[in-house]
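Close look at the chain arrangement
Spelled out, the chains give:
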Amino acid sequence: MGWARVAGLLLLTAVISLTNANTTPVISTTFVELREDIPEGTYAFTINATDRDPKDKLAYALSGINSRFFTVNPSSGEVSIRSSMDREAVKELNVILLDANDNYPIFRNAPYNVDVAENTTMDTILFTVSATDDDIGLAGSVKYKIDEVIPRQGRPLFTLDYHTGQFKLNQSLNYNSLSTFYRIKINASDEGGPSWGGPVTLSSVTYALITVDDVADLDPRFLLLPYIASVEEGSPVGTTVLTVTALDPDTGVHDVIIYSIESAGSIHPNLFHISETTGAISVKSVIDRETVGGSVILTVKATETQLNIHGEKAVATADVQISIIDVNDNTPLFYSCGPSECIAASQFRAEISEDLAGTLQINMTVEDPDQDAQIQLKVAGVDMGAFRVIPSIAASRSEVQLMILDPQLIDFERKEEMVVQVIAIDLKNDTMRSTATVTIKILDINDNSPTFPSGTYTLKVAEHSANGTQVANITANDLDMMDQDQLTYRLLPESIGEYFGVMLHEGIVFVANSRLIDREVTSLYSATLQAKDTHNNTGTTILKIRLTDINDQPPVFNKESYTVSVQEGKQLELQIGATDADEPETENSKIVFAIVPSPYSMNLTIDPNTGLLKNSHGLDREAIDPEMQGRIELTVTATDQGEPALMSLVRVIIHVEDTNDNQPIFSRASYNFSVKEGAKGAFVGSVQAVDLDQDINFNRISFSILNGSFGNFIIRTFKYDAGYGANITVDPDIVLDYEQLPNRFTLWVEAEDLSQSKAGAAVNIEVLDVNDERPVFQPSGPMHVQENSTVTGVSGQFLALDKDGNHSLVYHLESCECRCNGTLKSCNWMLMDNEGAVTVNPEATLDYEECDQVLVTAQVVDEFTEKGENDSSSSAVMVVNIVDINDNAPEFLHSDAVFVLVSETASMGTSVAGVTATDHDTGINKVIQFQVTEVKFQDTNSQISPTRTIFEAVTTQQRGLYVGIIQSIEELNSNQKGKYLVTVTATDGGGLSTTSELEIFIVDKSFKIQLRFESPLAEVTKNQRSITLAPGDTLMDLYFVYHNGTAIPSDAVERMLSEPEYYLTLRQYGLTYIVNPPDTVRYVLLGLVGGLIIVLTVLTTSLVCTRRSYRTKLKAAKAMKSTKMEATDNHGGPVVPGTNKYTMEGANPVLNLKIDTDLGFDEENSTVDRDSVNSFDDGMSLHSEMDRTMMVIQEEDEESIHIEPLGAALAQRANKQNTVVL
């Protein structure tokens, strides 16, 4: 506030008053120049002032010794001249206002709550703290610091710039190893400045909540390493081997892990499979240990589904070693091995010269790939006596040899080739064996001559056969291998060579001269055929060559063609005849009949000798092409047996007549159709059947449904090119419904021809679901979410069901309403996605104290609806109850009460003050307990010193509020002058607390003023608002006290109330005198009906508070004193137990009287006398406090203009002391 200061100038103090003031007005007018001859009543200047609260109305006043020259408009601040001024006496007029440090820093945009990703870089500005202080100079300069970080370990993580307020990240965050939530207590302080009580530094605090958000910055991690497992070879596909497990270390993200096999080796990559979701490794294909080996190493990979902070999907790998357990599942096998590879074989060959002894190499290897196999080897076969096998017992793999036991048995002349079997037996399972055959070739020496198979050969050749015609191929044999294909031949005698010859190396006898071999000249020739080997050993045979007749006459048929008719299934006989003109009884004249192959010739046979044509089995008209109309055309041949054979052809036509010998045949054994529900008369499908009978009278078919239809389907027959068919449709009077069983039908359809031959087929009909059902919401219970929740997961789930098989449900949020104080209003606290998942809106703050319940209304739509309505018949409502947490500390309720302690009543147990507090939480969290935590005493020199805790707080509850009554716990020192500073702490059930400091002023009993009324107590009580005191000599003891504890002495009050115009009025109410009586007077009053003791508290601040009507009212707190009090009883004395704000029930804890605390001392456009004597200084003059302004307690706006005599008297006294009231 501004105080006037004299510095050789004419100084004024401008006073601005406002009601319900929460900020101090600022006066901008500081210097004014006026001429000395300005007339009275003339406008001089305007006081310019502003206030940050636009709702506050300002009232203007001037004070000080020079305020007599001016008058001010209390509403506009316009100042005019009241009396003339003399420049020679007063040179200038300045109005100087000096700033006081009376404004606390005020935070802007608080609270500072932010969500910070854990990977935020250091030195990042998380937010900027801003606070303003309306004071000037250092008092208006704001500095910032961090008072507290919870948890305490988080203090090094953050820095707050002392000047700029930038709140930065000082160290790296970590969601997993550090805290995920920090509460920062931030202090904003000015740099200190002057105030009425001396230099002071003011500060304010606010809180910032920092939530650390986890980010995907860690790779998945496999658990329970290493992974080692085993599986038997041949295990069934799908056999589980082991399960690997990986987790996302980002606990706040907790991403889903997908498993895969990264590497399984290049030889057998598809032996195993891993489940993407569970990590279970199972057998994918049959495992053969002998092919795969004893172990397989897999590299498995775990992949997170979401991208990490680097824009990639985080992965991790691990090796899995799987041992393959051997199973004895392999039979020993034989192999033939070459330079580079071995090939499985069962046949082996070897050569050996006759009479050889020793070991025979046969290039044989035996192998059993099973682990630790033992193989027994032995020899079998007709030649087993000549050999034995080496070794007899072999390991898994071994070379096999044959040892010759008896060389005498190896004789080429006796046997050119020997064969033995080598048998391999698995000793662990003798049923598992294999056999290999070894063929041994005996090598011969040249010790044999050529020999012919026969000593004489009789040969035939047709006369006049062409030169080179082969007569015979006669070869000799030589047992010696070296003579094979090395023999030479010639004919003897040499004369035979004119007619016949022989090839030198082949032994082929041929015609040498066609013209000379004439049967009619010579019919028989004789010759010797000789064979010679490489050693000139020879052998011979005799040849007899006979010439034969040649064939030159073909056979002739008896008819040019043959035609016959026969019923299908009947026997056919047709005689075909032919003759040959060649020599009888010879091959040239012998005739053989045959049928030329044709489409139907396989159904007929002909006797080759007699020519009788028959059917081999019953002829089938249906097997004949319908275009042939039952006709079979054949070609029969007649061939003689001459050389070359001559042949003739004849055409045979057979007409096969039809009979009804076939039943209908369906095109398929069963039919599968489908039809959509709800379609009347819809086409379902067609069935087809044929009757192979070719006559139209035999192959017509009709269809019918025997069973399975249940009256839902009908069938109609139709004709098509390949046969007959039938259309199956839904009965036009029937509506199929997929949701009502049955929705699958199996019909038995029968096909029948005219002879009542029948066939049946199954028709399976599936009723297809048409999306025609509306979705239906399922009930969901209420959900519970804590206030201030930052949970990002799903809080609730709408669930709807749709009877249709093919549906796509999409959920829509219709409304979100919050129940606030019993009333629903729209809000955005909850969100819902298309799948019906309800989550907390991260941009909203859930506050139980604001709203305790959220109603989320949703609708569901089936996007695949084909028929009817696509949404639910009614919306669904989810109730989300907001759960209260202890997030509100107790809050003291502001009070204008002044707590005064009269020194004469300073006894133990006295109730001296009271506080009221409330807590916005619920339940145990709103229960408040009061406690006096600190007591200090400030003396008249403003020196503050700590003292014992001489007060206690008693907690009570009144009308939903918690009241703390402050009582003394020991007798107080009545000689002390000053005030007690009592710190009261209010703590709720959750441990949050708030403190408030009370000032309890000590008033000396010497300031007691006694008013005597002639009216009795009952009359004074009845008319107390008008201070009407009826006869009866009622005494009223009063203390007039300012807000700062300064009391008004009796002579000052007497002067105020003794003004004639006011005293006369008070006299009418029964006032007889105003005195400061000695204690003995009080004892004289014991016989009176009753007495009243009133402490008039005059609240004093830097400004005078007014209401909107710009009226001020003087309030008084009073207490009833019993007139029956004994002289020695000090507990019933005139004390000030509390404040004039107490209720009637508990207003005075000492007296406990139900009396109205308002005396009605109202005033308008005036202040009470500012001249007073401080009760802390007994000898202070009245004018020592003249620069202080009196403040009155506010009450309801009432139209009252000096209706109370006391108020009017005090107001007039203030006018006489040059205090200008606006």
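Treat the numbers as computed from the prediction; the structure is a model and nothing was measured.

Turning our attention to the overall build of the protein chain. Secondary structure assignment for the protein chain yields seven helices and 89 strands. Across the 1222 residues of the protein chain, 45% fall into the buried class. For the protein chain, the computed accessible surface area is about 60,400 Å², with 49% contributed by carbon and sulfur atoms.

Okay, the pairing of strand 56 (residues 670-676) next. Note on strand geometry: in a regular strand, side chains alternate between the two faces of the sheet. Alternating positions in strand 56 separate cleanly, Y671, F673 and V675 being buried on one face and S670, N672, S674 and K676 remaining unburied on the opposite face. In terms of strand pairing, strand 56 meets strand 62 (residues 758-768) through seven bridges, oriented parallel. Bridge pairing links V675 to V767 in strand 62.

Each neighbour pair has its own omega, and for I150 with P151 the value is 5°, a cis peptide bond. Mapped onto the elements of the fold, P151 is located in the loop between strand 15 (142-150) and strand 16 (158-160). Here L492 and P493 are connected by a cis peptide whose omega angle stands at -5°. Among the structural elements, P493 can be located in the loop between strand 41 (488-492) and strand 42 (500-502). In the Ramachandran plot, D485 falls in the positive-phi region, its phi being about 60° despite a non-glycine side chain.

This part takes up the sheet that holds strand 37 (residues 417-426). Note on sheets: strands pair through backbone hydrogen bonds, and any given pair is parallel or antiparallel. With mixed pairing, five strands are arranged side by side in an open sheet as 31-38-37-33-35. Every other strand in the sheet has two partners, leaving strand 31 (347-353) and strand 35 (393-394) as the edge strands with one partner each. The pairing of strand 33 (residues 375-380) with strand 35 spans two bridges and is antiparallel. When the sheet's bridge partners are listed, I375 is paired in strand 35 with A394.

A few words now on the environment of V652. Along the chain, V652 falls in strand 54 (residues 647-657). Classification of V652 by relative accessible area gives buried; the value is 0%. Through-space distance from the C-alpha of V652 to that of V564 is 8.1 Å; in sequence the pair is 88 residues apart. Ignoring any residue separated from it by four or fewer positions in sequence, one finds V652 in contact with Y562, L574, I576, L613, I632, E633, L634 and V636.

Within the structure shown, the criterion is met by 15 salt bridges. Ionic pairing is found between D123 and K168, a salt bridge with its closest N-O pair at 3.8 Å. You can see D123 sitting in the loop between strand 12 (114-117) and strand 13 (125-128) and its partner K168 sitting in strand 17 (residues 166-169), a full 45 residues away along the chain. Accessibility expressed as a relative area gives 54% for D123, which makes it exposed. Between R651 and E633 there is a salt bridge whose closest N-O contact spans 3.1 Å. Remark: E633 occurs in strand 53 (residues 631-640) and R651 occurs in strand 54; sequence separation between them is 18 residues. Overall, the relative accessible area of 43% leaves R651 in the partly exposed class. Judged by its relative accessible area of 32%, E633 is partly exposed. Each of R631, E633 and R651 takes part in a single network of salt bridges with overlapping partners.

With that settled, the discussion passes to the layout of surface pockets. Approximately 1,500 Å³ is the volume attributed to the second largest pocket. The wall of the second largest pocket is formed by 38 residues, among which N113, F181, L209, N788 and T790 lie closest to the centre. Taken together, the elements giving at least two residues each to the lining of the second largest pocket come down to strand 12, strand 18 (181-190) and strand 19 (203-213). Among the elements that make up the lining of the second largest pocket, the one with the highest residue count is strand 19 (six residues). Along the lines of polarity and charge, the residues of the lining of the second largest pocket split into 15 nonpolar, 14 polar and nine charged.

For the protein chain, the average pLDDT comes to 78, and 79% of its residues sit at 70 or higher. Counted against residues more than four places away or in other chains, residues 1-11, with its pLDDT under 50, gives 29 contacts. Contacts for the low-pLDDT stretch residues 1078-1222, under 50 throughout, to residues beyond four places or in other chains number 396 contacts.

Turning next to the state of the cysteines. For the structure on display, the rule yields three disulfides. Residue C337 pairs covalently with C342 via a disulfide, S to S 2.0 Å. On the sign convention where negative is left-handed, the bridge of C337 and C342, at about 110° about the S-S bond, is right-handed. Owing to a relative accessible area of 19%, C337 belongs among the buried residues under this scheme. A residue is classified by how much of its surface remains accessible, and C342, at 31% relative accessible area, is partly exposed. Across the disulfide, C820 is cross-linked to C851 (sulfur-sulfur distance 1.7 Å).

Further remarks concern the packing of aromatic side chains. Counted by the stated rule, this structure contains 21 aromatic pairs. Each ring, one from F158 and one from Y182, has its centre 5.4 Å from the other, and the planes form 75°; the classification is edge-to-face. On the criterion of sequence distance, the pair formed by F158 in strand 16 and Y182 in strand 18 is long-range, its members being 24 residues apart. We note that F158, like Y182, is buried. Ring centres of F500 and Y525 lie 5.4 Å apart, and the angle between their planes is 70°; on these two criteria the pair is classed as edge-to-face. Here F500, found in strand 42, pairs with Y525, found in strand 44 (residues 524-532); they are 25 residues apart in sequence, far enough to count as distant. Among the aromatic residues, those joined into a cluster by ring pairs are Y112, F127, F158, F167 and Y182. Above the face of the Y724 ring, K719 is positioned so that its terminal group lies 5.2 Å from the ring centre.

Conventions used here
Residues numbered from 1 in each chain as written. Predicted model: local features only at pLDDT ≥ 70, side-chain atom pairs only at ≥ 80, totals over all residues. Heavy atoms only, no water. Helix = DSSP H or I, 4+ residues; strand = E, 2+ residues; numbered from the N terminus. Buried < 20%, exposed > 50% of the residue type's maximum accessible area, 1.4 Å probe, protein only. Areas by Shrake-Rupley, 256 points an atom, 1.4 Å probe, with all protein chains shown as cover. Pairing = 2+ DSSP bridges. Contact = heavy atoms within 4.5 Å. Salt bridge = Lys/Arg side-chain N within 4 Å of Asp/Glu carboxyl O. 1 Å grid on protein atoms, 1.4 Å probe; cavity = no way out; pocket = protein on both sides within 12 Å on 5 of 7 lines; lining within 4 Å. Points joined across faces, edges and corners; volume = space filled by probe spheres on them. Nonpolar A, V, L, I, M, F, W, Y, C, P; charged D, E, K, R; others polar. pLDDT = per-residue confidence, 0-100. Disulfide = S-S within 2.5 Å. Phe/Tyr/Trp six-rings, centres within 6.5 Å; stacked < 30°, edge-to-face > 60°. Lys NZ or Arg CZ within 6 Å of the ring centre and 35° of its normal.

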